[in-house]
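The lines below spell out each chain.
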Amino acid sequence: LAKTTQPISMDSYEGQEVNITCSHNNIATNDYITWYQQFPSQGPRFIIQGYKTKVTNEVASLFIPADRKSSTLSLPRVSLSDTAVYYCLVGGPGAAGNKLTFGGGTRVLVKP
Amino acid sequence: DAGVTQSPTHLIKTRGQQVTLRCSPKSGHDTVSWYQQALGQGPQFIFQYYEEEERQRGNFPDRFSGHQFPNYSSELNVNALLLGDSALYLCASSLWPLQGTYEQYFGPGTRLTVT
């Protein structure tokens, strides 16, 4: 599975947009990019997944440039409840895709 | 609510003891994966069960074993507990095989403390 690199931590304020960039230089052709969110003492929660260009859902947007060597998770107008650890994962579909490989994640602190 | 349940919520054991953790997957899911999360780190994959067989395994010693039952629920067993086994143990359920998605549903975890 492709290795990912993301910032250790980020601070923001309520109402701001938070952008977390993840580097995955050795992403394979059939790899997808997936983001999970984890609150303290809870299991991770799937946020969004994409393959290329832009994906948007009710929670976040995911921007993937043409070379797919990086991706950016965008959280619009964050609130205090968005304080969590965000993990970027890269991997292919199928049986091997059932094995998630988490890095250290990005700790996002939203301040009032 | 993802629908994955785990028991117990918390557990305290002594070094050398054995422990069994339990997981019920989300309704309709047939695959269960187990992860270990040490404090301040990301979850680490232990192993995965489908059709009552271990399908994939991470870099964990054979002190860690598991089982999946016909109703898709699963158990994680850890023998000869070490202090370093203290962690949050997470269960995740999904469908086999994942097609174009990495969406797994995690339970709340079992906090294991080894003293």
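Caption draft 1: Local environment of the overall build of chain A. Regarding its fold elements, chain A presents 0 helices and 9 strands. Reading the helices (α) and strands (β) of chain A from amino to carboxyl end gives β-β-β-β-β-β-β-β-β. Radius of gyration (C-alpha) of chain A: 13 Å, near the 13 Å computed for a compact globule of 112 residues. In terms of overall dimensions, chain A has a C-alpha envelope of 40 × 30 × 25 Å along the principal axes. Here chain A holds 112 residues, and 46% of them are scored as buried. Across chain A, the fraction of contacts at a sequence separation of at least 24, relative to all contacts at a separation of at least 6, is 57%. Taken as two groups, the 10 positive and 7 negative side-chain charges of chain A have centres that lie 7 Å from each other.

Caption draft 2: Structural detail: the sheet that holds strand β3 (residues 32–38) of chain A. All names here are of chain A. Pairing is mixed in the open sheet, where 5 strands are placed in the order β1-β9-β8-β3-β4. Strand pairing shows two members of the sheet lacking a second neighbour, β1 (9–13) and β4 (45–50), which therefore form its edges. Averaged over all adjacent pairs, the angle separating strand axes in this sheet is 25°, with direction ignored. In the sheet, β3 pairs with β4 via 5 bridges, with the strands oriented antiparallel. Its bridge partner lying in β4, Trp35 is registered against Ile48.

Caption draft 3: Layout of the state of the cysteines. In this structure the tally under the stated criterion is 2 disulfides over all chains. Two residues, A:Cys22 and A:Cys88, share a disulfide whose sulfurs are 2.2 Å apart. Residues A:Cys22 and A:Cys88 are joined by a disulfide whose S-S torsion is about -80°; by sign, that bridge is left-handed. Taken as a pair, A:Cys22 in strand β2 (residues 18–23) and A:Cys88 in strand β8 (residues 84–91) lie far apart in primary sequence, 66 residues in all. The pair formed by A:Cys22 and A:Cys88 is uniform in burial state, with each residue classed as buried. In this model B:Cys23 forms its disulfide with B:Cys91; the gap between the sulfur atoms is 1.7 Å. Between B:Cys23 and B:Cys91 the disulfide shows an S-S torsion of about -55°. By sign, it is left-handed. Placement of the pair is B:Cys23 in strand β3 (residues 19–24) and B:Cys91 in strand β9 (residues 87–94), with a sequence separation of 68 residues. As far as the burial class goes, B:Cys23 and B:Cys91 line up, both buried.

What counts as what
- Residues numbered from 1 in each chain as written.
- Chains lettered and ligands numbered in written order.
- Predicted model: local features only at pLDDT ≥ 70, side-chain atom pairs only at ≥ 80, totals over all residues.
- Heavy atoms only, no water.
- Helix = DSSP H or I, 4+ residues; strand = E, 2+ residues; numbered from the N terminus.
- Rg over C-alpha atoms; globule rule 2.2 N^0.38 Å.
- Buried < 20%, exposed > 50% of the residue type's maximum accessible area, 1.4 Å probe, protein only.
- Contact = heavy atoms within 4.5 Å.
- Lys, Arg positive; Asp, Glu negative; His and termini not counted.
- Charge placed at Lys NZ, Arg CZ, Asp CG, Glu CD.
- Pairing = 2+ DSSP bridges.
- Axes fitted to C-alpha atoms, helices over the stretch in contact; angles between N-to-C directions.
- Disulfide = S-S within 2.5 Å.

Taken by themselves, the reported measurements are silent on function.
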